[in-house]
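Structural features, examined
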Amino acid sequence: MQSNSTSPQEYIDSLPEDRKSSVEKLRQVILNNLPEGFQEVMGYGMLGYVVPHQIYPDGYQCNPKLPLPFMNVASQKNFVSLYHMGIYANPDLLNWFSEEYSKRVNTKIDMGKSCIRFKKMDQIPFELIGELVRKISVEDWIFCYENNLKKVK
């Protein structure tokens, strides 16, 4: 469910009432914990958090005109998604998050490669998400991204 919203607030305002407060709270947790250098944008029809071209001029290897993506938040049909590229690219971070999630949340984690899905808004572990967001600096993300990119080439 991609949005045509042009700003994060417009995106939040366009959400169904049952999602608005949870997505807004998730956004605030991310913004309050986002390391310096990342920037909030609208990307791929979702809330996005990227490394801007001023910091990483090469941009995203799939489309260098786009800034380097790091995280996205989306309200999908049946759930809210948090896409965190660090979890996809860093097995240690994935293991830490999975272990912490199982300690703090009573339901089994619903996760894809970089996507964490929340079907019940009252079970989003906001404090844990804040910790996850703080775990990777812009410099750490660029280093991780470039190392993984070299493995692919």
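Anything mentioned here points back to the structure above.
Described below are features of the structure shown in this document. (Residues numbered from 1 in each chain as written. Predicted model: local features only at pLDDT ≥ 70, side-chain atom pairs only at ≥ 80, totals over all residues. Heavy atoms only, no water.)

Concerning the overall build of the protein
Let me state the cut-off plainly: Helical segments are the DSSP runs of H or I of at least four residues, strand segments are the runs of E of at least two, and each set is numbered from the N terminus. With C-alpha atoms as the basis for the radius of gyration, the globule rule is written as 2.2 Å multiplied by the number of residues raised to the power 0.38.
What the protein contains, in helices and strands, is 6 helices and 5 strands. Each helix and strand of the protein, placed in order from N terminus to C terminus, yields the pattern α-α-β-β-β-β-α-α-β-α-α. Taking 2.2 N^0.38 as the reference for a compact globule, 153 residues should give roughly 15 Å; the C-alpha atoms of the protein span a radius of gyration of 15 Å, in line with that estimate. Taking the principal axes of its C-alpha atoms as reference, the protein extends roughly 40 × 35 × 25 Å.

A short note on helix α4 (residues 91-104)
Threshold: Take the residue count of a helix, subtract one, and multiply by 1.5 Å to get its expected span. For the exposure calls, accessible area comes from a 1.4 Å probe over protein chains only, and a residue counts as buried if that area is under 20% of its type's maximum, exposed if over 50%, partly exposed in between. The arc in question is the one spanned by the directions pointing from the helix axis to the C-beta atoms.
For α4, which comprises 14 residues, the first-to-last C-alpha distance of 20 Å matches the rise-based estimate of 20 Å (1.5 Å per residue) to within 8%. Residues of α4 that are buried include every one of L93, W96, F97, E100 and Y101, and no others. The arc that holds the buried residues of α4, viewed along the axis, is 130°, so those residues lie on one side. Facing away from the buried side of α4 by more than 90 degrees, the exposed set consists of P91, D92, S102 and K103.

Considering the sheet that holds strand β4 (residues 80-84)
Defined as follows: Strands are labelled as partners when DSSP assigns at least two bridges between them. Here, axes are lines fitted to C-alpha atoms. For helices the fit covers the stretch in contact, and angles between N-to-C directions go from 0 to 180 degrees. Residue contacts follow a heavy-atom distance rule, with two residues in contact if any of their heavy atoms lie within 4.5 Å.
With antiparallel pairing, the 5 strands of this open sheet are ordered in space as β1-β2-β3-β4-β5. Looking along the sheet, the strands with just one partner apiece sit at the ends: β1 (39-43) and β5 (115-118). Between one strand axis and the next, the sheet turns by 20° as a mean value, whatever way the strands run. Where β1 meets strand β2 (residues 46-51), 5 bridges bridge the pair, whose relative direction is antiparallel. Bridging across to β2, G43 finds its partner in M46. Contacts between helix α5 (residues 126-134) and the sheet are confined to β3 (68-75), β4 and β5, with β4 contributing the most and set at about 20° to the helix.

Some thoughts on the side chain of S5
So the rule is basically this: Counted as a polar contact is a pair of N or O atoms within 3.5 Å, where, for protein atoms, one must be capable of donating a hydrogen and the other of accepting one, and residues adjacent in sequence contribute only when both atoms are in side chains.
Looking at the element boundaries, S5 is found in the segment before α1 (8-14). For S5, a relative accessible area of 10% gives the class buried. A polar atom in the side chain of S5 sits 2.7 Å from the side chain of S3. The contact partners of S5, leaving out residues within four places of it in the chain, are E10, Y11, S14 and M42.

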